[in-house]
Amino acid sequence: TASLLIYGAGHTGQRVAHALKAEGVVIPAFLDRNAKSGQTVSGIPVLKPPEAVSLKNLSVLVAVFNPHRNARFADVAETLKAQGFSTVYSLEHFYISHPSGLPDIYWLTHPSFYAEHRSEIEAADALWSDEKSRHLYRSILRHRTTGVDNLPEPMPHLQYIPKDVPLLQPPYRFVDIGAFDGDTLAVLKKHKGMFESVFAFEPDMNNFNALAKRVQMEGPFATGITCLFPCGSGETCDTVSFIQDGSEAAKVCSANTAHAVQIPVVSIGTVLHNANPNYIKMDVEGFEEVSLVGLKNLIENDRPMLAICVYHRPSDLFRIPLLLSSWQYDADYYLRLHGEHGFETVLYAVPK
(Lines give C-alpha, C1' and ligand atoms only; values in the text may rest on other atoms or scores of the structure.)
Protein backbone atom coordinates (compact mmCIF):
# COMPACT_ATOMS: atom_id res chain seq x y z
CA THR A 1 0.00 0.00 0.00
CA ALA A 2 1.38 3.41 -0.98
CA SER A 3 2.09 5.97 1.73
CA LEU A 4 2.39 9.71 1.28
CA LEU A 5 2.77 12.79 3.47
CA ILE A 6 0.68 15.87 2.78
CA TYR A 7 2.13 19.29 3.50
CA GLY A 8 -0.68 21.61 4.51
CA ALA A 9 -3.53 20.56 6.79
CA GLY A 10 -5.96 23.19 5.55
CA HIS A 11 -8.99 22.84 3.30
CA THR A 12 -7.08 21.74 0.19
CA GLY A 13 -4.93 19.27 2.09
CA GLN A 14 -7.98 17.72 3.70
CA ARG A 15 -9.77 17.35 0.36
CA VAL A 16 -6.73 15.69 -1.19
CA ALA A 17 -6.28 13.38 1.81
CA HIS A 18 -9.91 12.29 1.62
CA ALA A 19 -9.59 11.46 -2.10
CA LEU A 20 -6.32 9.56 -1.65
CA LYS A 21 -7.55 7.58 1.36
CA ALA A 22 -10.53 6.47 -0.75
CA GLU A 23 -8.00 4.99 -3.20
CA GLY A 24 -6.20 3.12 -0.44
CA VAL A 25 -3.27 5.50 -0.02
CA VAL A 26 -2.05 5.70 3.58
CA ILE A 27 -1.51 9.23 4.94
CA PRO A 28 0.68 8.78 8.06
CA ALA A 29 0.67 12.51 8.80
CA PHE A 30 0.03 16.02 7.63
CA LEU A 31 3.04 18.31 7.76
CA ASP A 32 2.28 21.88 8.72
CA ARG A 33 4.63 24.53 10.03
CA ASN A 34 1.81 25.84 12.23
CA ALA A 35 0.95 22.45 13.75
CA LYS A 36 -0.01 22.42 17.42
CA SER A 37 1.03 19.75 19.89
CA GLY A 38 -1.27 16.73 19.68
CA GLN A 39 -3.24 18.13 16.76
CA THR A 40 -5.12 15.78 14.42
CA VAL A 41 -7.24 16.44 11.34
CA SER A 42 -9.67 13.78 10.14
CA GLY A 43 -7.93 11.35 12.47
CA ILE A 44 -4.49 12.05 10.94
CA PRO A 45 -1.69 13.53 13.08
CA VAL A 46 -0.49 17.01 12.14
CA LEU A 47 3.25 17.48 12.68
CA LYS A 48 5.73 20.23 12.16
CA PRO A 49 8.25 18.98 9.55
CA PRO A 50 11.18 18.68 12.03
CA GLU A 51 8.96 16.40 14.17
CA ALA A 52 8.55 13.87 11.34
CA VAL A 53 12.12 12.54 11.40
CA SER A 54 11.02 8.91 11.08
CA LEU A 55 8.92 9.70 7.98
CA LYS A 56 11.55 11.45 5.86
CA ASN A 57 11.79 8.49 3.51
CA LEU A 58 8.26 9.19 2.27
CA SER A 59 7.33 11.52 -0.58
CA VAL A 60 5.60 14.79 0.28
CA LEU A 61 2.72 16.29 -1.67
CA VAL A 62 2.50 20.03 -1.12
CA ALA A 63 -1.22 20.82 -0.85
CA VAL A 64 -0.87 24.52 -0.09
CA PHE A 65 -2.78 26.14 -2.90
CA ASN A 66 -3.61 29.84 -2.58
CA PRO A 67 -2.50 33.18 -4.02
CA HIS A 68 -0.24 34.22 -1.14
CA ARG A 69 3.56 34.41 -1.12
CA ASN A 70 3.98 31.72 1.56
CA ALA A 71 2.26 29.24 -0.79
CA ARG A 72 4.99 29.42 -3.46
CA PHE A 73 5.91 25.80 -4.21
CA ALA A 74 9.60 26.43 -4.93
CA ASP A 75 10.08 28.00 -1.51
CA VAL A 76 8.14 25.29 0.34
CA ALA A 77 10.01 22.52 -1.50
CA GLU A 78 13.39 24.11 -0.78
CA THR A 79 12.56 24.29 2.94
CA LEU A 80 11.33 20.68 3.06
CA LYS A 81 14.41 19.36 1.24
CA ALA A 82 16.65 21.27 3.62
CA GLN A 83 14.84 19.45 6.44
CA GLY A 84 15.61 16.06 4.88
CA PHE A 85 12.56 15.27 2.69
CA SER A 86 14.10 14.30 -0.64
CA THR A 87 11.00 13.85 -2.83
CA VAL A 88 8.54 16.74 -2.93
CA TYR A 89 5.69 17.12 -5.42
CA SER A 90 3.55 20.14 -6.24
CA LEU A 91 -0.22 19.77 -6.19
CA GLU A 92 -0.32 20.70 -9.89
CA HIS A 93 2.21 18.06 -10.89
CA PHE A 94 0.53 15.39 -8.78
CA TYR A 95 -2.93 16.29 -10.07
CA ILE A 96 -1.82 16.09 -13.70
CA SER A 97 -0.20 12.69 -13.22
CA HIS A 98 -3.00 11.30 -11.04
CA PRO A 99 -6.25 13.21 -11.65
CA SER A 100 -8.91 10.51 -11.40
CA GLY A 101 -9.58 10.47 -7.67
CA LEU A 102 -8.82 14.09 -6.82
CA PRO A 103 -11.48 16.76 -6.45
CA ASP A 104 -11.87 19.58 -8.96
CA ILE A 105 -9.82 22.52 -7.75
CA TYR A 106 -10.11 25.74 -9.73
CA TRP A 107 -8.48 25.22 -13.16
CA LEU A 108 -6.82 21.89 -12.41
CA THR A 109 -7.87 19.39 -15.03
CA HIS A 110 -6.35 16.72 -17.24
CA PRO A 111 -4.00 18.05 -19.94
CA SER A 112 -6.20 16.45 -22.59
CA PHE A 113 -8.73 19.23 -21.94
CA TYR A 114 -6.34 21.77 -23.45
CA ALA A 115 -5.58 19.52 -26.41
CA GLU A 116 -9.32 19.32 -27.11
CA HIS A 117 -9.56 23.14 -27.11
CA ARG A 118 -6.42 23.81 -29.11
CA SER A 119 -8.12 25.91 -31.80
CA GLU A 120 -9.71 28.24 -29.21
CA ILE A 121 -6.43 28.51 -27.30
CA GLU A 122 -4.58 29.50 -30.47
CA ALA A 123 -7.27 32.02 -31.38
CA ALA A 124 -7.02 33.67 -27.97
CA ASP A 125 -3.22 33.72 -28.23
CA ALA A 126 -3.56 36.13 -31.16
CA LEU A 127 -5.64 38.64 -29.16
CA TRP A 128 -3.02 39.87 -26.70
CA SER A 129 -1.88 43.46 -27.17
CA ASP A 130 1.62 43.15 -25.71
CA GLU A 131 4.33 40.53 -25.50
CA LYS A 132 4.12 40.38 -21.70
CA SER A 133 0.52 39.19 -21.94
CA ARG A 134 1.34 36.61 -24.60
CA HIS A 135 4.30 35.28 -22.60
CA LEU A 136 2.17 35.00 -19.44
CA TYR A 137 -0.65 33.28 -21.34
CA ARG A 138 1.71 30.65 -22.74
CA SER A 139 3.45 30.22 -19.38
CA ILE A 140 0.13 29.58 -17.63
CA LEU A 141 -0.81 26.98 -20.22
CA ARG A 142 2.56 25.22 -19.82
CA HIS A 143 2.13 25.30 -16.06
CA ARG A 144 -1.33 23.76 -16.30
CA THR A 145 -0.36 21.02 -18.72
CA THR A 146 3.04 20.04 -17.27
CA GLY A 147 2.91 21.09 -13.61
CA VAL A 148 6.25 22.88 -14.03
CA ASP A 149 6.23 26.25 -12.28
CA ASN A 150 7.57 28.63 -14.92
CA LEU A 151 5.21 31.48 -14.07
CA PRO A 152 6.46 35.08 -13.94
CA GLU A 153 6.65 36.95 -10.64
CA PRO A 154 3.13 38.03 -9.63
CA MET A 155 2.18 41.64 -8.82
CA PRO A 156 -0.23 41.29 -5.88
CA HIS A 157 -0.16 44.96 -4.84
CA LEU A 158 -1.13 46.15 -8.32
CA GLN A 159 -4.26 44.07 -8.89
CA TYR A 160 -6.80 46.11 -10.89
CA ILE A 161 -4.29 49.00 -11.28
CA PRO A 162 -1.28 47.49 -13.12
CA LYS A 163 1.14 50.30 -13.98
CA ASP A 164 2.25 48.64 -17.22
CA VAL A 165 -1.27 48.56 -18.70
CA PRO A 166 -2.61 51.79 -20.31
CA LEU A 167 -5.74 52.01 -18.18
CA LEU A 168 -8.38 54.67 -18.67
CA GLN A 169 -7.79 57.58 -16.34
CA PRO A 170 -9.96 58.23 -13.27
CA PRO A 171 -12.33 59.34 -11.90
CA TYR A 172 -14.11 56.03 -12.37
CA ARG A 173 -17.79 55.26 -12.59
CA PHE A 174 -17.01 51.91 -11.06
CA VAL A 175 -19.02 48.67 -11.05
CA ASP A 176 -17.58 46.14 -8.59
CA ILE A 177 -19.06 42.70 -9.27
CA GLY A 178 -18.01 40.34 -6.52
CA ALA A 179 -17.14 43.21 -4.18
CA PHE A 180 -16.28 40.92 -1.22
CA ASP A 181 -15.70 43.24 1.78
CA GLY A 182 -14.81 46.32 -0.28
CA ASP A 183 -11.11 45.50 -0.47
CA THR A 184 -10.88 46.57 -4.12
CA LEU A 185 -12.58 49.88 -3.39
CA ALA A 186 -10.05 50.57 -0.65
CA VAL A 187 -7.07 49.73 -2.89
CA LEU A 188 -8.27 51.79 -5.83
CA LYS A 189 -9.11 54.74 -3.60
CA LYS A 190 -5.61 54.63 -2.10
CA HIS A 191 -3.84 54.53 -5.46
CA LYS A 192 -6.12 56.42 -7.80
CA GLY A 193 -8.21 58.79 -5.74
CA MET A 194 -11.96 59.14 -5.46
CA PHE A 195 -14.56 57.53 -7.69
CA GLU A 196 -17.26 59.48 -9.42
CA SER A 197 -19.76 56.71 -8.58
CA VAL A 198 -19.70 53.17 -7.20
CA PHE A 199 -22.11 50.28 -7.78
CA ALA A 200 -21.02 47.22 -5.77
CA PHE A 201 -22.59 43.73 -5.93
CA GLU A 202 -21.93 41.06 -3.29
CA PRO A 203 -24.27 38.08 -2.62
CA ASP A 204 -22.65 36.58 0.50
CA MET A 205 -24.36 38.32 3.44
CA ASN A 206 -21.34 38.06 5.73
CA ASN A 207 -19.22 39.73 3.07
CA PHE A 208 -21.97 42.23 2.26
CA ASN A 209 -22.20 43.34 5.88
CA ALA A 210 -18.43 43.83 5.94
CA LEU A 211 -18.68 45.78 2.68
CA ALA A 212 -21.42 48.03 4.09
CA LYS A 213 -19.41 48.60 7.26
CA ARG A 214 -16.29 49.53 5.28
CA VAL A 215 -18.22 52.02 3.16
CA GLN A 216 -19.72 53.52 6.29
CA MET A 217 -16.42 53.72 8.18
CA GLU A 218 -13.98 54.55 5.37
CA GLY A 219 -16.18 56.36 2.87
CA PRO A 220 -17.21 58.26 1.03
CA PHE A 221 -15.57 56.39 -1.83
CA ALA A 222 -17.27 58.44 -4.53
CA THR A 223 -17.97 62.10 -5.12
CA GLY A 224 -21.40 61.06 -6.35
CA ILE A 225 -23.62 58.08 -5.64
CA THR A 226 -22.53 54.85 -3.92
CA CYS A 227 -24.96 51.92 -4.20
CA LEU A 228 -24.50 48.50 -2.59
CA PHE A 229 -26.49 45.49 -3.84
CA PRO A 230 -26.84 42.24 -1.81
CA CYS A 231 -27.09 40.00 -4.86
CA GLY A 232 -25.01 38.19 -7.43
CA SER A 233 -24.75 38.62 -11.19
CA GLY A 234 -25.90 36.36 -13.98
CA GLU A 235 -27.24 36.19 -17.50
CA THR A 236 -30.82 36.79 -16.30
CA CYS A 237 -32.59 37.83 -13.11
CA ASP A 238 -33.14 34.64 -11.14
CA THR A 239 -32.21 32.75 -7.98
CA VAL A 240 -29.33 30.26 -7.70
CA SER A 241 -27.86 27.95 -5.07
CA PHE A 242 -24.87 29.42 -3.29
CA ILE A 243 -22.23 28.46 -0.72
CA GLN A 244 -22.28 31.36 1.74
CA ASP A 245 -19.24 31.15 4.01
CA GLY A 246 -17.97 34.69 4.38
CA SER A 247 -14.79 33.96 2.44
CA GLU A 248 -13.34 35.10 -0.87
CA ALA A 249 -14.32 31.69 -2.30
CA ALA A 250 -18.08 31.94 -1.66
CA LYS A 251 -19.64 30.76 -4.92
CA VAL A 252 -22.57 29.42 -6.92
CA CYS A 253 -23.06 25.67 -6.53
CA SER A 254 -25.43 22.86 -7.52
CA ALA A 255 -28.84 22.74 -5.86
CA ASN A 256 -28.07 19.55 -3.88
CA THR A 257 -24.85 20.89 -2.28
CA ALA A 258 -24.90 20.66 1.49
CA HIS A 259 -25.50 23.96 3.34
CA ALA A 260 -26.37 25.77 0.11
CA VAL A 261 -28.72 28.75 0.28
CA GLN A 262 -30.78 30.45 -2.42
CA ILE A 263 -29.64 33.92 -3.44
CA PRO A 264 -30.89 36.40 -6.03
CA VAL A 265 -28.80 37.11 -9.11
CA VAL A 266 -29.46 39.90 -11.57
CA SER A 267 -28.48 40.69 -15.11
CA ILE A 268 -26.56 43.82 -14.21
CA GLY A 269 -27.08 45.32 -17.63
CA THR A 270 -30.83 45.31 -16.98
CA VAL A 271 -30.70 46.91 -13.50
CA LEU A 272 -28.15 49.69 -14.07
CA HIS A 273 -29.67 52.46 -16.16
CA ASN A 274 -27.84 55.66 -17.08
CA ALA A 275 -24.92 54.70 -14.84
CA ASN A 276 -22.53 54.93 -17.82
CA PRO A 277 -19.75 52.91 -16.14
CA ASN A 278 -16.22 53.37 -17.42
CA TYR A 279 -14.64 50.60 -15.28
CA ILE A 280 -16.13 47.18 -14.45
CA LYS A 281 -14.30 44.70 -12.23
CA MET A 282 -15.53 41.11 -11.97
CA ASP A 283 -14.43 38.34 -9.59
CA VAL A 284 -17.33 35.90 -9.17
CA GLU A 285 -15.69 32.51 -8.59
CA GLY A 286 -16.30 30.86 -11.96
CA PHE A 287 -19.52 32.67 -12.86
CA GLU A 288 -17.68 35.29 -14.96
CA GLU A 289 -18.67 34.06 -18.41
CA VAL A 290 -22.37 33.85 -17.55
CA SER A 291 -22.25 37.25 -15.85
CA LEU A 292 -20.59 38.85 -18.86
CA VAL A 293 -23.39 37.66 -21.12
CA GLY A 294 -25.79 39.61 -18.89
CA LEU A 295 -23.61 42.69 -19.44
CA LYS A 296 -23.24 42.40 -23.23
CA ASN A 297 -25.49 45.33 -24.20
CA LEU A 298 -24.05 47.58 -21.51
CA ILE A 299 -20.47 46.76 -22.55
CA GLU A 300 -21.21 47.37 -26.23
CA ASN A 301 -23.07 50.63 -25.56
CA ASP A 302 -20.98 52.22 -22.79
CA ARG A 303 -17.59 50.72 -23.74
CA PRO A 304 -16.16 50.52 -20.21
CA MET A 305 -12.73 49.25 -19.28
CA LEU A 306 -12.92 45.71 -17.88
CA ALA A 307 -10.91 43.75 -15.31
CA ILE A 308 -12.14 40.14 -15.37
CA CYS A 309 -10.70 37.29 -13.31
CA VAL A 310 -9.92 34.36 -15.61
CA TYR A 311 -8.52 31.69 -13.26
CA HIS A 312 -11.56 30.02 -11.70
CA ARG A 313 -12.31 27.50 -14.48
CA PRO A 314 -9.99 25.82 -17.01
CA SER A 315 -11.67 27.46 -20.00
CA ASP A 316 -11.91 31.03 -18.64
CA LEU A 317 -8.36 31.87 -19.72
CA PHE A 318 -9.24 31.63 -23.42
CA ARG A 319 -13.04 31.63 -23.66
CA ILE A 320 -13.57 34.97 -21.92
CA PRO A 321 -11.27 37.02 -24.19
CA LEU A 322 -12.75 35.23 -27.20
CA LEU A 323 -16.27 36.08 -26.00
CA LEU A 324 -15.44 39.77 -25.62
CA SER A 325 -13.69 39.90 -28.99
CA SER A 326 -16.82 38.52 -30.67
CA TRP A 327 -18.87 41.55 -29.56
CA GLN A 328 -19.08 45.11 -30.88
CA TYR A 329 -16.39 46.11 -28.39
CA ASP A 330 -13.11 47.20 -29.93
CA ALA A 331 -10.51 46.86 -27.19
CA ASP A 332 -6.91 46.05 -26.39
CA TYR A 333 -6.41 42.91 -24.27
CA TYR A 334 -3.83 42.53 -21.52
CA LEU A 335 -3.19 39.65 -19.11
CA ARG A 336 -1.51 40.11 -15.73
CA LEU A 337 -0.73 37.78 -12.82
CA HIS A 338 -1.34 38.93 -9.24
CA GLY A 339 -1.04 35.73 -7.16
CA GLU A 340 0.92 32.51 -6.73
CA HIS A 341 0.06 29.29 -8.64
CA GLY A 342 -1.81 31.31 -11.29
CA PHE A 343 -4.38 32.69 -8.85
CA GLU A 344 -5.57 36.25 -9.41
CA THR A 345 -4.95 36.14 -13.15
CA VAL A 346 -6.82 39.12 -14.57
CA LEU A 347 -7.82 40.02 -18.11
CA TYR A 348 -7.78 43.78 -18.66
CA ALA A 349 -9.77 45.00 -21.67
CA VAL A 350 -9.15 48.65 -22.49
CA PRO A 351 -11.48 50.13 -25.13
CA LYS A 352 -9.77 51.77 -28.08
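All of these numbers come straight from a predicted model, not from anything done at the bench. (Residues numbered from 1 in each chain as written. Predicted model: local features only at pLDDT ≥ 70, side-chain atom pairs only at ≥ 80, totals over all residues. Heavy atoms only, no water.)

Draft legend 1. Main features of the packing of helix H5 (residues 118-125) against helix H12 (residues 316-325). Interaxial distance between H5 and H12 falls to 9 Å at its minimum, and their mutual angle equals 60°. Classed by the angle they form, the pair H5 and H12 counts as oblique. With respect to the hand of their crossing, H5 and H12 are arranged in left-handed fashion. Here Glu-120, Ile-121, Ala-123 and Ala-124 of H5 lie close against H12, whose contacting residues are Phe-318, Arg-319, Pro-321 and Leu-322. (Axes fitted to C-alpha atoms, helices over the stretch in contact; angles between N-to-C directions. Helix = DSSP H or I, 4+ residues; strand = E, 2+ residues; numbered from the N terminus. Parallel < 35°, antiparallel > 145°, perpendicular 65-115°, else oblique. Left-handed = near helix turned anticlockwise from the far one by under 90°. Contact = heavy atoms within 4.5 Å.)

Draft legend 2. Quick peek at the packing of aromatic side chains. Counted according to the given criterion, the structure contains 15 aromatic pairs. Ring geometry for Phe-201 versus Phe-229: centroids 4.4 Å apart, planes at 10°, classification stacked. Of this pair, Phe-201 sits in strand S8 (residues 197-201) while Phe-229 sits in strand S9 (residues 226-229), placing them 28 residues apart in sequence. Feature note: the residues Phe-65, Tyr-106, Trp-107, Tyr-311 and Phe-343 constitute an aromatic cluster, connected by ring pairs. Residue placement shows Lys-56 over the ring face of Phe-85; its charged tip is 5.9 Å from the ring centre. In this structure, Lys-189 is placed above the aromatic ring of Phe-221, and the distance from its NZ or CZ to the ring centre is 5.0 Å. (Phe/Tyr/Trp six-rings, centres within 6.5 Å; stacked < 30°, edge-to-face > 60°. Lys NZ or Arg CZ within 6 Å of the ring centre and 35° of its normal.)

Draft legend 3. Looking closely at the side chain of Ser-133. Along the chain, Ser-133 falls in helix H6 (residues 131-146). The class of Ser-133 is buried, set by a relative accessible area of 0%. Side chain to side chain, Ser-133 and Asp-130 meet in a polar contact 2.4 Å long. When near neighbours in sequence (up to four residues on either side) are disregarded, Ser-133 contacts Trp-128, Tyr-333, Tyr-334, Leu-335 and Arg-336. (Buried < 20%, exposed > 50% of the residue type's maximum accessible area, 1.4 Å probe, protein only. Polar contact = N/O pair within 3.5 Å; in protein donor to acceptor, adjacent residues only side chain to side chain.)

Draft legend 4. Seen up close, helix H8 (residues 205-218). Taking 1.5 Å of rise per residue, 14 residues should cover 20 Å, and H8 covers 19 Å from first to last C-alpha, within 8% of that figure. Near the N-terminus of H8, the side chain that reaches the backbone nitrogen of Asn-206, with its oxygen 2.9 Å away, is that of Asp-204. (Expected span 1.5 Å × (residues − 1).)

Draft legend 5. Up close: the pairing of strand S15 (residues 305-309). With respect to burial, S15 is a largely interior element, 5 of its 5 residues being buried. Residue alternation in S15 divides its side chains into two sets, Met-305, Ala-307 and Cys-309 and Leu-306 and Ile-308, and both sets are buried. As paired strands, strand S14 (residues 279-282) and S15 are joined by 4 bridges and run parallel to one another. Within S15, the residue paired with Ile-280 across the bridge is Leu-306. Pairing analysis gives 4 bridges linking S15 to strand S17 (residues 345-351), with the strands arranged antiparallel. Bridge pairing links Ile-308 to Leu-347 in S17. (Pairing = 2+ DSSP bridges.)

Draft legend 6. Seen up close, unusual backbone geometry. The step from Pro-170 to Pro-171 runs through a cis peptide bond, and the omega angle for that step is 10°. Residue placement: Pro-171 occurs in the loop between H6 and strand S7 (173-177). Omega for the bond connecting Gly-219 with Pro-220 falls within 30 degrees of zero, at 0°, which places this linkage in the cis form. Summarising the element assignment, Pro-220 is placed in the loop between H8 and S9. In this structure, Phe-180 is a non-glycine residue whose phi angle is positive, near 55°. The residue Phe-180 is located in the loop between S7 and helix H7 (183-192) in this model.

Draft legend 7. Molecular detail of the sheet that holds S7. Read from one edge to the other, the open sheet built from 7 strands follows the order S9-S8-S7-S14-S15-S17-S16, with strand pairing classed as mixed. If you trace the sheet from one side to the other, it starts and ends with S9 and strand S16 (331-337), each paired once. On average, adjacent strands in this sheet sit at an angle of 10° to one another, irrespective of strand direction. Seen against the sheet, H6 touches S16 and S17 and runs at an angle of roughly 50° to S16. Sheet contacts for H12: S15, S16 and S17; angle to S17, the most-contacted strand, approximately 10°.

Draft legend 8. View of the sheet that holds strand S4 (residues 44-47). Strand order in the open sheet made by the 6 strands is S3-S4-S2-S1-S5-S6, with mixed pairing throughout. Here the strands that pair on one side only, and so sit at the sheet edges, are strand S3 (40-41) and strand S6 (88-90). Against the sheet, helix H1 (residues 11-22) contacts strand S1 (5-7), strand S2 (30-31), S3, S4 and strand S5 (60-62), and its axis sits at roughly 160° relative to S1. The strands that helix H2 (residues 73-82) touches are S1, S2, S5 and S6; relative to S6, the one it contacts most, it runs at about 165°.

Draft legend 9. A look at the nonpolar core. With 94 residues, the main nonpolar core has Leu-20 and Leu-324 as its most contacted residues. Excluding its chain neighbours within four sequence positions, the residues that come into contact with Leu-324 are Leu-292, Ile-299, Leu-306, Tyr-329, Tyr-333, Leu-347 and Ala-349. Listed in part, the 17 residues of the second largest apolar core include Leu-31, Leu-55, Val-76 and Ala-77. (Core = buried A, V, L, I, M, F, W, Y, C linked by side-chain atoms within 4.5 Å.)

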